[in-house]
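Secondary and tertiary structure notes
Here are the chains, one letter per residue:
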Amino acid sequence: VAHASSFSELHTLEIGINRIEEEGSKALAASPYLQNVRVLGLGSNPIGAQGVHALANASHLCGLRSLNLGLCNFGDEGAKALAQGVGFEHLEFLLL
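Computed from a predicted model, the values in this text were never measured in an experiment. In this numbering scheme, every chain counts its residues from 1 along its sequence in written order. Totals for whole chains, interfaces and linings use all residues, but because this is a predicted model, local features are given only for residues with pLDDT of at least 70 and pairs of side-chain atoms are given and counted only at 80 or more. Excluding hydrogens and water, the side-chain values take into account all heavy atoms of the structure.

1. Brief notes about the nonpolar core
As used in this record, nonpolar core signifies buried Ala, Val, Leu, Ile, Met, Phe, Trp, Tyr and Cys residues forming a set joined through side-chain atoms within 4.5 Å. Exposure classes here rest on a 1.4 Å probe applied to the protein chains alone. A residue is buried below 20% of its type maximum, exposed above 50%, and partly exposed in between. Core analysis: the largest hydrophobic core is formed by 25 residues, its most contacted members being Leu40, Leu42, Leu55 and Leu69. In this text, helices come from DSSP runs of H or I with a minimum length of four residues, and strands from runs of E with a minimum of two, each type numbered from the N-terminal end. At the level of elements, helix H1 (22-30), helix H2 (48-56) and helix H3 (75-84) are the ones that each hand at least two residues to this core. Element by element, the count of residues in this core is highest for H2, at 4 residues.

2. A word on unusual backbone geometry
Phi at serine 44 is positive, roughly 65°, even though this residue is not glycine. Residue serine 44 is classed as partly exposed on the basis of its relative accessible area of 33%. For leucine 71, which is not a glycine, the phi torsion comes out positive at approximately 60°. With respect to the helices and strands, the residue leucine 71 is situated in the loop between strand S3 (66-68) and H3.

3. Here we look at the packing of H2 against H3
Axis angle and axis distance: for two packed helices, these are the angle between their axes and the distance between the axes, and together they describe the pair. All axes here are fitted lines through C-alpha atoms, helices being fitted over the stretch that makes contact, and every angle between N-to-C directions spans 0 to 180 degrees. Between H2 and H3, the shortest axis-to-axis distance is 8 Å and the interhelical angle comes to 5°. The angle between H2 and H3 falls in the class roughly parallel. Here Ala49, Gln50, Val52, His53 and Ala56 of H2 come into contact with H3, specifically with Glu77, Gly78, Ala81 and Leu82. All amino acids are sorted into three groups, where Ala, Val, Leu, Ile, Met, Phe, Trp, Tyr, Cys and Pro are nonpolar, Asp, Glu, Lys and Arg are charged, and the leftover types, Gly among them, are polar. Here the contact of H2 with H3 is composed, by residue class, of 5 nonpolar, 3 polar and 1 charged. The labels follow the angle: roughly parallel below 35 degrees, roughly antiparallel above 145, roughly perpendicular from 65 to 115, and oblique for the rest. Whether two residues are in contact is decided by their heavy atoms: any pair within 4.5 Å suffices.

4. Brief notes about the environment of glutamine 35
Along the chain, glutamine 35 falls in the loop between H1 and strand S2 (39-41). The sequence separation of glutamine 35 and serine 25 amounts to 10 residues, and the corresponding C-alpha distance is 15 Å.

5. Overview of H1
Residues Ser25, Leu28 and Ala29 constitute the buried set of H1. Relative to the axis of H1, the buried residues are bounded by an arc of 100° and lie together on one face. In H1, those exposed residues whose orientation departs by more than 90 degrees from the buried face are Glu23 and Ala30. Structurally, H1 contributes buried residues whose contacts are with strand S1 (12-14) and H2. Here, the arc refers to the directions that run from the helix axis to the C-beta atoms.

6. Concerning the packing of H1 against H2
One can describe the packing of H1 onto H2 by two numbers: an axis separation of 8 Å at closest approach and a directional angle of 5°. Regarding the angle of H1 to H2, the classification is roughly parallel. From H1, Glu22, Ser25, Lys26 and Ala29 reach across to H2, where they touch Gln50, Gly51, Ala54 and Leu55. Of the residues contributing to the contact of H1 with H2, the split by class is 3 nonpolar, 3 polar and 2 charged.

7. Let's talk about the pattern of salt bridges
Salt bridge, as applied in this entry: a Lys or Arg side-chain nitrogen positioned within 4 Å of an Asp or Glu carboxyl oxygen. Using the criterion set out here, one finds 2 salt bridges in the structure. Between glutamate 22 and lysine 26 there is a salt bridge, with the nearest N and O atoms lying 3.0 Å from each other. Taken together, the residues glutamate 22 and lysine 26, both in helix H1 and 4 residues apart, mark about one turn of the helix. Residue classification places glutamate 22 among the partly exposed residues on the basis of a relative accessible area of 28%. The partly exposed category is assigned to lysine 26, whose relative accessible area is 30%.

Here's what the structure looks like:
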């Protein structure tokens, strides 16, 4: 998904319960093809604190309106990364 240019116009990406780990979330965070995504569902994936950190600081994800990180096992460090991240200024819905 992260490397698919065909997804460049995608607005909603729901990929919960897919065993996406830290490296997968970092790949999503680095993907320029997801710049139009407004709803991102990653619930029930073990992305960890570093994965959350990558997402929270991905400048091309700054258009996100809804983010599902429920049951993503990121702990206090991940929560801190979310709070300090620069990429979610337009976020309206956050599920933890």
